[in-house]
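Observations on the three-dimensional arrangement
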Amino acid sequence: MRKEWTQREVIEMANILGLKNFDRKAIGYYTRIGVFPEPRAELKNVLVLYDDEEIEVGLVDVARRMRTPVKITYDDVKWAKSEVLKSNKARNVTLLLRKIKQNGKS
């Protein structure tokens, strides 16, 4: 499993888990009030990366605080991660993250 996830992938996970209206604005709101984690790395309006373990906690906490709370577990979040990894977009991001790490080590 990957150690970092993009903001777009986190939103896709939330949609799979049934969190309605969870988008960039919602992530910003939940981050400001301290429910969702701060991004690990951020390039404004281009790429936002979140830590793998913090996403699990963040999505479970957000689900509890929705207007109509959604019951999800950490296992549900792990399942959603595996579903997101099956998409073509996720494969492209994985390749991008590998290239960034290789260029950073050189």
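We now turn to the structure provided with this report.

Conventions adopted
Residues numbered from 1 in each chain as written. Predicted model: local features only at pLDDT ≥ 70, side-chain atom pairs only at ≥ 80, totals over all residues. Heavy atoms only, no water. Buried < 20%, exposed > 50% of the residue type's maximum accessible area, 1.4 Å probe, protein only. Helix = DSSP H or I, 4+ residues; strand = E, 2+ residues; numbered from the N terminus. Core = buried A, V, L, I, M, F, W, Y, C linked by side-chain atoms within 4.5 Å. Contact = heavy atoms within 4.5 Å. Polar contact = N/O pair within 3.5 Å; in protein donor to acceptor, adjacent residues only side chain to side chain. Salt bridge = Lys/Arg side-chain N within 4 Å of Asp/Glu carboxyl O.

1. So, helix H1 (residues 7-17)
When we look at burial in H1, the residues that qualify are Gln7, Glu9, Val10, Ile11, Met13, Ala14 and Leu17. Gly18 lies just past H1 and shows a positive phi near 95 degrees.

2. Topic: the nonpolar core
Judged by nonpolar contacts, the single largest core of 25 residues is most densely connected at Val10, Leu19, Phe22, Tyr30, Phe36, Leu59 and Val62. Secondary-structure elements contributing two or more residues to this core are H1, helix H2 (24-32), strand S3 (47-51), helix H3 (52-65) and helix H4 (74-85). Contacts of Leu19, omitting those with residues within four sequence positions, involve Ala14, Leu59, Val62, Ala63, Met66 and Val70.

3. Digging into the side chain of Asp52
Tracing the backbone shows Asp52 in helix H3. For Asp52, a relative accessible area of 14% translates into the label buried. Separated by 2.8 Å, the side chains of Asp52 and Trp5 make a polar contact.

4. Description of the pattern of salt bridges
Tallying each qualifying case throughout the model produces six salt bridges. Its salt-bridge partner being Asp52, residue Lys81 comes within 2.5 Å of it at the nearest N-O pair. Note that Lys81 is positioned in helix H4 and Asp52 in helix H3, a separation of 29 residues in sequence. Residue classification places Lys81 among the buried positions, given a relative accessible area of 1%. The residue Arg64 makes a salt bridge to Asp61 at a minimum N-O spacing of 3.5 Å. In this pair, Arg64 and Asp61 are both assigned in helix H3, three residues apart and thus about one turn of the helix distant. Given a relative accessible area of 54%, Arg64 falls into the exposed group.

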